[in-house]
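Survey of secondary and tertiary structure
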Amino acid sequence: MFDVQFITHFTASISYSDSARIALEGGCRWVQLRMKDASSEELKATAVQVQELCRQYGATFIIDDHVELVKQIGADGVHLGKLDMPIKEARERLGKDFIIGGTANTFEDIRQHATDGADYIGCGPFRFTTTKQKLSPILGLEGYHSILTQMREKGITIPVVAIGGITREDIPSLKASGLSGIALSGGILKAENPVREMETIIRLTQ
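Predicted model, so just to flag it, every value in this text is computed and none were measured. (Residues numbered from 1 in each chain as written. Predicted model: local features only at pLDDT ≥ 70, side-chain atom pairs only at ≥ 80, totals over all residues. Heavy atoms only, no water.)

1. Topic: the packing of aromatic side chains
- Applying the stated rule across the entire model yields three aromatic pairs.
- Each ring, one from F10 and one from Y16, has its centre 5.1 Å from the other, and the planes form 50°; the classification is tilted.
- On the basis of relative accessible area, Y16 is assigned to the buried category, the value being 19%.
- When the centroid spacing of 5.3 Å and the interplanar angle of 85° are considered together, the rings of W30 and Y120 count as edge-to-face. In this pair, W30 is assigned in strand β2 (residues 30-33) and Y120 in strand β6 (residues 120-123), connecting sequence segments 90 residues apart. The residues W30 and Y120 share a single accessibility class, namely buried. (Phe/Tyr/Trp six-rings, centres within 6.5 Å; stacked < 30°, edge-to-face > 60°. Buried < 20%, exposed > 50% of the residue type's maximum accessible area, 1.4 Å probe, protein only. Helix = DSSP H or I, 4+ residues; strand = E, 2+ residues; numbered from the N terminus.)

Here it is in structure tokens:
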């Protein structure tokens, strides 16, 4: 199993909810709503919209950062960055029924997240990406190989998803590395036909 996660983004002509619809129409079944600078009203309104879309398509719906909103609207889970609420605290607030993902850049991050009760890891960046302002050191394939080797040595089996500037050309090598999946964002929306681009990505990951 090699999963494709889509992290919402926007352009001059595509809104956050439009971007989720594009990903879903293209066959993606995991959407993370990420709206870092939105007001709480705007975020909630969009979250309700995107959640409805995800339910129509039978997709998993994750909200970035906002633990209380996840609980309030009954989303599937939350993704927590390094500066967001600690995973341990989120697990205490949400209980066992919600998915919790954590951002990692090193093996130590992953070990801590696994100990604290995360369900999966978004690990990156694979390469430079414009969607993150404060970038951790770039990992590349070598970085993933090193992290996955250390995980095997320590018996840590949490799923790890690569993130950060991934293109369709990267999929074969990332898939072969032992990762559990990839997360994509702006690259899909920049394609000439975003829905078809997502369809292609899904086909390449099968």
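2. With respect to helix α9 (residues 194-205)
- The first and last C-alpha atoms of α9 sit 17 Å apart over 12 residues, in line with the 16 Å expected at 1.5 Å per residue.
- Listed in full, the buried residues belonging to α9 are P194, V195, E197, M198, T200, I201, I202 and T205.
- Buried residues along α9 sit in contact with β1 (3-7), α1 (16-25), α7 (171-176), β8 (181-184) and α8 (186-190). (Expected span 1.5 Å × (residues − 1). Contact = heavy atoms within 4.5 Å.)

3. Structural notes on the packing of helix α5 (residues 107-116) against helix α6 (residues 140-154)
- Where α5 meets α6, the axes come as close as 9 Å, and the angle between the chain directions of the two elements is 45°. Here α6 runs oblique to α5, going by the angle between their axes. Relative to α6, the crossing made by α5 is right-handed. Seen from α5, the contacting residues are F107, I110 and R111; seen from α6, they are I147, Q150, M151 and K154. (Axes fitted to C-alpha atoms, helices over the stretch in contact; angles between N-to-C directions. Parallel < 35°, antiparallel > 145°, perpendicular 65-115°, else oblique. Left-handed = near helix turned anticlockwise from the far one by under 90°.)

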